[in-house]
Amino acid sequence: MMQCPNCKGKNLGKIGVQLYYCWSCYLELAVKKDKFHIHQIEADGSLSPLNDLFSEEERTVAEDKLLS
């Protein structure tokens, strides 16, 4: 099961093609080429990237772990 790289929770929902939302820490996770691209959703609806806060290893997701 896929887990959030931030809170390590498994409370993720699929909101689009290769796009997920963590209901525990409220981050948007996009998957591109087996890497999470992590964003915080701001009050105005814009996205702030958080990739620089995580190592490449933390952002790597195995293909078999993706939600269908």
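Just above, that's the structure.
Residues numbered from 1 in each chain as written. Predicted model: local features only at pLDDT ≥ 70, side-chain atom pairs only at ≥ 80, totals over all residues. Heavy atoms only, no water.

**Q** Describe the pairing of strand E2 (residues 19–22), listing the residues and the values that go with them.
**A** Looking down a regular strand, the side chains alternate between one sheet face and the other. As paired strands, strand E1 (residues 12–16) and E2 are joined by four bridges and run antiparallel to one another. Bridging from a neighbouring strand, Lys-14 pairs with Tyr-20 of E2. The antiparallel hairpin formed by E1 and E2 contains two residues in its connecting segment, where Gln-18 sits at a positive phi of about 55°. When E2 meets strand E3 (residues 27–32), the two strands line up antiparallel, connected through three bridges. Each bridged residue has a counterpart across the sheet, and for Leu-19 the counterpart in E3 is Ala-30. In sequence, E2 turns back onto E3 through a hairpin of four residues, with Tyr-26 there showing a positive phi of about 65°. (Pairing = 2+ DSSP bridges. Helix = DSSP H or I, 4+ residues; strand = E, 2+ residues; numbered from the N terminus.)

**Q** Which residues make up unusual backbone geometry, and what values go with them?
**A** In the Ramachandran plot, Tyr-26 falls in the positive-phi region, its phi being about 65° despite a non-glycine side chain. Of note, Tyr-26 is situated in the loop between E2 and E3. Although it is not a glycine, Asp-34 adopts a positive phi angle of roughly 60°. Relative to the assigned elements, Asp-34 resides in the loop between E3 and strand E4 (35–41).

**Q** Any chance you could break down the nonpolar core for me, citing the residues and the numbers?
**A** With 14 residues, the main nonpolar core has Met-2, Leu-12, Leu-29, Phe-36 and Ile-38 as its most contacted residues. Listed by contribution, the elements that provide at least two residues to this core are E2, E3 and E4. Considering each element in turn, this core owes the most residues, three residues, to E3. (Core = buried A, V, L, I, M, F, W, Y, C linked by side-chain atoms within 4.5 Å. Buried < 20%, exposed > 50% of the residue type's maximum accessible area, 1.4 Å probe, protein only.)

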